[in-house]
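Observations on chain architecture
Below are the chains, spelled out letter by letter.
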Amino acid sequence: MDAFEAIKATFFQECDELLADLEQKLMLLEQGQTDLETINAVFRAVHSVKGGAGAFGLDDLVRFAHVFETLMDELRAGRKPCDPVTIKTLLRASDVLADHVQAAQGLAVPVDQARSAALVAEMEQLTHGGAAPVPAADEEDDDFGFTPMAFDMPLDAPPSTEPAAGWRIVFRPHGRMYASANEAALLLRELARLGPTVVSVDEGDLPTLDALVVEEGWLTWTVELNAAVDEAAVREVFDFVEADCELSITLLGEVEAGLDTGFLDELPAIVPATDDLDIAALLAKAQASAPVDAAPQPAPRPALEATPVAAPSPPAAQSSAAAPTAPAPVTIRVDLDRVDRLINAVGELVIQQAMLSQRVLESGLARSSGVALGLEDLELLTREIQDSVMAIRAQPVKSVFQRMPRLVREVADMTAKQVRLVTTGEDTEVDKTVVERLAEPITHMLRNAIDHGLETPEERVAADKPAEGTVRLAALHRSGRIVIEIADDGRGINRERVRQIATDKGLIAPDAVLSDDQVDNLIFLPGFSTASVVSDISGRGVGMDVVKRSIQALGGRISIGSVPGKGSTFTLSLPLTLAVLDGMVTTAAGQTLIAPLPAIVESLTPQPNDIHYVGGLDPVIRFREAFVPLVDVAVAMGFSETPMDPTQGIAVIVETESGQRAALLLDAIQGQRQVVIKSLESNYQQVEGVAAATILGDGRVALILDVDALVAIRRTGARSELKLAS
């Protein structure tokens, strides 16, 4: 990839971030948060996309973004109200803007020009009732070209005779403006594009040469713009540097309110008219004025006030310098393959460290020996390295959640339903691999929640519900896993209809006896669909079975809770990471197993008077004044045919994601260890009751238990099909 393509790829990556931020801020506007800060954030996102697109000649994207930007400029200037009609148009415009970006990137089919043109016309109508001027492709800025301008007007010259048709701009750049690759000459050129300008410069604050700090800004520029343009157009020139300079914009003929301009009358000299600014002459003048024995003096304070003051304007147009804030964290972009290789290397390091610990333990060295102590230090360092590397891959689920408002709006429009999406827990972090593979199942379930779960507005009103349905998307941590919940307040699952469809399709026997949970789970069967008509949304018999397979491929599970007439909740439970796990090493029937440490509450040795049997068959154990089911792991996993005597083993009390407690009956506990997760499905097959596998310090393979699945096996009486050689 050449340098130009690399820069272009970076631009599209930044577009993804800008579009995500744009979507989030528009949702805040929709919720009534129409403050100036939010409106400015939307404007900046669109402006940044437009600016980058212009540099790469993406004319269609530039033209659409220009109209979008013009409407936002009217909103932030307070000339147009931010009403629900406008916000709805902006939301649809953000969708089309995203389509333009994807089309320019080559990731999607060409943009629907009819839809784009209709939105352009709608935004123009909202802006000023006519056609908005759109920059032609050949009117884009040249490569930072600059035509020198003559400084031929004294700063104290009389103002224009038509004060309403011009602006007086006084600005002094700070050093940080130049540090961010901006240049005063470029700003002057952009002002000249708005109309005739007369520019003067005040170099009176230049210090003596021996006190000059070249990184600072010492010149104050005064520009008289004789053009009937809006103040917003002038401020747009300084949009990206307003916080890095002292700026005053007033109407010609008016005195800047509160701005001390007395220094203008005391200027020793005015730079004469010339074809170019002679920096060498200015430096020579400063050097000549320096005393021979002058000691270095501190840099003088700027003459202008730091807070810019503007002419009277609508409240939304008021602007102030940005308050000092903490520096933003420095970030770098790294190829994901490099991170994956680092993750794998750290995983191998963990395995080798475990093997070394095993060898030292088998050698019989005392724990106080130098080798054993050094090994403990190595273990701590390995854990720190592993935690740091895993933090690199940890990402908030916000990147997935931010895509969903657009989906919800589109499906709601297609189904003629009123839907409000509520998201919580967007900052919940999870492994990047898990985040990337969450989008598809969440998309399927949100579409189903709107299409099948929510009623039409008329049906909801008839059922004494608000016409607008609510879909909730939440993320949270629970028992060392991440839980995603998709809930709606719709009609709930019609179990009679689900059962009838499953019977008609031959998926279950007509006389099958099923519980409510089992009937609900019929919707995950391949080919099952409750849609009577095939549409763009559903009805082809694919969807929920794909969701279940996707979640299982990540080592997760999905469950359903539904109340007829009240709504349904789908719960996805996934591991926080696909790389490492803190676990308890145990044995059952001679097999080494790993129990996830976050799920363990306590371990104990069962006493005979604590063991009871339900119906004479199912054992339970007394635990803190309550009885919990006792799961013989060896029998549940198929390692043994004969249940063991509970008093001869160790009971490990575990808690499932739903809060249910159970006791796992095991032979012994060997200790706690951090293990590297290896997929059992990709190397063998999916096994009920097993979440994954790992490699122990002695090189043997151990299975990582799926606690929730084991409890379910105990409840249903099923057995794992895993067969291992002894």
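Before reading on, note that the structure itself is shown above.
The structure contained in this document is the topic of the report that follows. (Residues numbered from 1 in each chain as written. Predicted model: local features only at pLDDT ≥ 70, side-chain atom pairs only at ≥ 80, totals over all residues. Heavy atoms only, no water.)

With that settled, the discussion passes to the overall build of the chain. Across its full length, the chain holds 22 helices and 22 strands. Taking all 726 residues of the chain together, 45% fall into the buried category. Long-range contacts, defined as pairs at least 24 residues apart, comprise 71% of the intrachain contacts of the chain with a sequence gap of at least 6. With the model as given, the accessible surface of the chain reaches about 36600 Å², and the carbon-plus-sulfur share is 54%. (Helix = DSSP H or I, 4+ residues; strand = E, 2+ residues; numbered from the N terminus. Buried < 20%, exposed > 50% of the residue type's maximum accessible area, 1.4 Å probe, protein only. Contact = heavy atoms within 4.5 Å. Areas by Shrake-Rupley, 256 points an atom, 1.4 Å probe, with all protein chains shown as cover.)

If you look at the biggest cluster of nonpolar residues, it comprises 45 residues, and the most contacted ones within it are Ile442, Leu446 and Ile484. Setting aside residues up to four positions removed in sequence, Ile442 forms contacts with Val400, Phe401, Met404, Leu473, Ile484 and Leu572. By size, the runner-up hydrophobic cluster in this structure holds 38 residues, among which are Phe12, Cys15, Ile39 and Leu61. (Core = buried A, V, L, I, M, F, W, Y, C linked by side-chain atoms within 4.5 Å.)

This brings us to the packing of aromatic side chains. This model, assessed by the stated rule, comprises 3 aromatic pairs. Relative to Phe12, the ring of Phe11 has its centre 5.2 Å away and its plane inclined at 50 degrees; by these criteria the two rings are tilted. Accessibility expressed as a relative area gives 6% for Phe11, which makes it buried. Between Phe171 and Phe238, the aromatic rings sit 5.2 Å apart at their centres with planes inclined by 65 degrees, giving edge-to-face as the arrangement. Taken together, the residues Phe171 in strand E1 (residues 167-173) and Phe238 in the loop between helix H8 (231-237) and strand E4 (245-251) connect sequence positions 67 residues apart. Using a relative accessible area of 0% as the deciding quantity, one classes Phe238 as buried. Members of the aromatic cluster, joined through ring pairs, are Phe11, Phe12 and Phe56. (Phe/Tyr/Trp six-rings, centres within 6.5 Å; stacked < 30°, edge-to-face > 60°.)

The strand order across the open sheet built from 6 strands is E14-E18-E19-E17-E16-E15, with neighbouring strands paired in mixed fashion. Sheet topology places strand E14 (600-604) and strand E15 (611-614) at the edges, where each strand pairs with a single neighbour. Looking at each pair of strands side by side, their axes are set apart by 35 degrees on average, direction ignored. The pairing of strand E16 (residues 618-622) with strand E17 (residues 627-632) spans 3 bridges and is classified as antiparallel. Bridge pairing links Ile621 to Val628 in E17. (Pairing = 2+ DSSP bridges. Axes fitted to C-alpha atoms, helices over the stretch in contact; angles between N-to-C directions.)

Take the side chain of Thr587 next. Relative to the helices and strands, Thr587 resides in strand E12 (residues 580-588). Setting aside anything within four residues of it in sequence, one finds Thr587 in contact with Thr592, Leu666, Asp667, Ala668 and Gln670.

Turning our attention to the sheet that holds strand E11 (residues 567-575). Strand order in the open sheet formed by 5 strands is E6-E8-E9-E11-E10, and the pairing between neighbours is mixed. At either end of the open sheet lies a strand with only one pairing partner, and these are strand E6 (418-424) and strand E10 (557-563). Sheet twist, expressed as the average angle between the axes of neighbouring strands with direction ignored, equals 15 degrees. Sheet strands in contact with helix H13 (residues 404-415) are E6 and strand E8 (468-478), and its direction is about 165 degrees off that of E6.

On to the pairing of E17, then. Burial of E17 is extensive: 5 of the 6 residues sit out of reach of the surface. Linkage of E16 to E17, two consecutive antiparallel strands, is achieved through a turn of 4 residues, within which Arg624 is found at a positive phi near 55 degrees. The pairing of E17 with strand E19 (residues 661-666) spans 3 bridges and is parallel. Each residue of the ladder has a partner; that of Leu630, found in E19, is Ala663.

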